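This is what each chain is made of:
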Amino acid sequence: MSWSDEQKMRLLFAVRSKGVTDKAVLTAMEKIDRGLFVQGIFADRAYDDTPLPIICGQTISQPSVVGIMTQALEVGPRDKVLELGTGSGYQAAILSQLARRVYTVDRFKRLTQQAQTLFDQLGLTNIITFCTDGSHGLPEHAPFDRIIVTAAAEDPPGPLLAQLRIGGIMVVPVGQSDAVQSLIRVRRTEEGFDYDELLKVRFVPLLEGLGRE
């Protein structure tokens, strides 16, 4: 069953009210039903602007944060995007509406398998899913035009900065603790890297190695 007009309006209103104005991003979020990515006891809250628990101790980000991060990436139709932290697959599905190709990585096999099933159901053929240690990125597929990290690091990870094309953008939560994190946008230039702080956020930590599930 597809989501109702009322559910779409509720979600899009929440996203717009937090400052997401990019029409392409809003259109992408209107096309991708968040309810498909929220299962179990939290399914009835799929259209609320709130993060929700998913399997493997992870979360699906709140829609407004997804919108803000996507807007900050400034994705173009020819861009190759790397996402670290597939999670439910919701963020990758939205990016797939904007980019030429999305490479998404997670350390939990159950998450990548579940997300791939949803991508197949939705016909999102431009998403490539990997179960691997995302802290090192995907050097064999670099460089990337855009990189998005949906887990918090203490600093923007060096291996990921190295895989960002000159002129490219990375959006990453950075912080020393679970309580205080800042969403940072990094632009790579010929001279180095420029940093902008976007807003305060809370994400699960970016960990090395594979998950046990």
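For the structure given in this document, a descriptive report is provided here. This is a predicted model, so every value here is computed, not measured. (Residues numbered from 1 in each chain as written. Predicted model: local features only at pLDDT ≥ 70, side-chain atom pairs only at ≥ 80, totals over all residues. Heavy atoms only, no water.)

Across the sheet, 7 strands lie side by side as β5-β4-β3-β6-β7-β8-β9; this open sheet has mixed pairing. The open sheet has two edge strands with one neighbour each: β5 (127–131) and β9 (193–201). On average, adjacent strands in this sheet sit at an angle of 15 degrees to one another, irrespective of strand direction. Direction of pairing for strand β3 (residues 80–84) relative to strand β4 (residues 101–106): parallel, over a ladder of 5 bridges. Paired with Leu82 across the strands is Tyr103, a residue of β4. The strands touched by helix α5 (residues 109–122) within the sheet are β4 and β5, with β5 carrying the most contacts at an inclination of about 165 degrees. (Pairing = 2+ DSSP bridges. Helix = DSSP H or I, 4+ residues; strand = E, 2+ residues; numbered from the N terminus. Axes fitted to C-alpha atoms, helices over the stretch in contact; angles between N-to-C directions. Contact = heavy atoms within 4.5 Å.)

Glancing now at unusual backbone geometry. Cis geometry is found at the peptide bond from Ala142 to Pro143, where omega equals 5 degrees. At Cys56, a position not held by glycine, the phi torsion is positive, near 65 degrees. Along the polypeptide, Cys56 turns up in the loop between β1 (52–53) and β2 (59–60). The buried category is assigned to Cys56, whose relative accessible area is 9%. At Glu74, a residue that is not glycine, the phi angle is positive and equals roughly 55 degrees. In this structure, Glu74 sits in the loop between α3 (63–73) and β3. (Buried < 20%, exposed > 50% of the residue type's maximum accessible area, 1.4 Å probe, protein only.)

Once that is clear, we can look at helix α2 (residues 23–31). Of all the residues in α2, the buried ones are Val25, Leu26, Ala28 and Met29. For α2, the angular spread of the buried residues around the axis is 160 degrees, confining them to a single face. When the buried face of α2 is taken as reference, the exposed residues oriented beyond 90 degrees from it are Lys23 and Lys31. Residues of α2 that are buried in the fold lie against α1 (5–17), α3 and α4 (90–96). (Arc of directions from axis to C-beta.)

Further remarks concern the pairing of β4. Within β4, 5 of the 6 residues are buried, leaving the element largely enclosed by the surrounding structure. Pairing geometry for β4 and β5, over 5 bridges, is parallel. Residue pairing for β5: Thr104 is matched across the bridge by Thr129. The parallel pair β4 and β5, bridged by α5, forms a crossover whose chirality is right-handed. (Right-handed = clockwise from strand over helix to strand, strands pointing away.)

Before going further, it helps to spend a moment on the pattern of salt bridges. Side chains that differ in charge, positive against negative, can pair when their charged atoms come close. Scanning all chains against the criterion turns up 9 salt bridges. Arg185 is paired through a salt bridge with Glu74; the nearest N and O atoms lie 3.5 Å apart. Of this pair, Arg185 sits in strand β8 (residues 181–188) while Glu74 sits in the loop between α3 and β3, and the two are 111 residues apart along the sequence. When its relative accessible area of 15% is taken as the criterion, Arg185 is described as buried. For Glu197, the salt bridge is made with Lys200, and the minimal N-O distance between the two is 3.3 Å. In terms of burial, Glu197 and Lys200 fall into one category: exposed. (Salt bridge = Lys/Arg side-chain N within 4 Å of Asp/Glu carboxyl O.)

Once that is clear, we can look at the packing of aromatic side chains. Counting across every chain of the model gives 4 aromatic pairs. Taking 6.2 Å as the distance between ring centres and 20 degrees as the angle between the ring planes, the aromatic pair formed by Tyr103 and Phe130 counts as stacked. With Tyr103 in strand β4 and Phe130 in strand β5, this pair connects stretches of sequence that are 27 residues apart. In this structure, Tyr103 and Phe130 share a single accessibility class: buried. Note on Tyr103 and Phe144: the rings are 5.6 Å apart at their centroids and 70 degrees apart in plane angle, and the pair reads as edge-to-face. Linking Tyr103 in strand β4 with Phe144 in strand β6 (residues 144–149), this pair joins segments that are 41 residues apart in sequence. Arg34 extends its terminal NZ or CZ atom over the ring of Tyr90, reaching a point 6.0 Å from the ring centre. (Phe/Tyr/Trp six-rings, centres within 6.5 Å; stacked < 30°, edge-to-face > 60°. Lys NZ or Arg CZ within 6 Å of the ring centre and 35° of its normal.)

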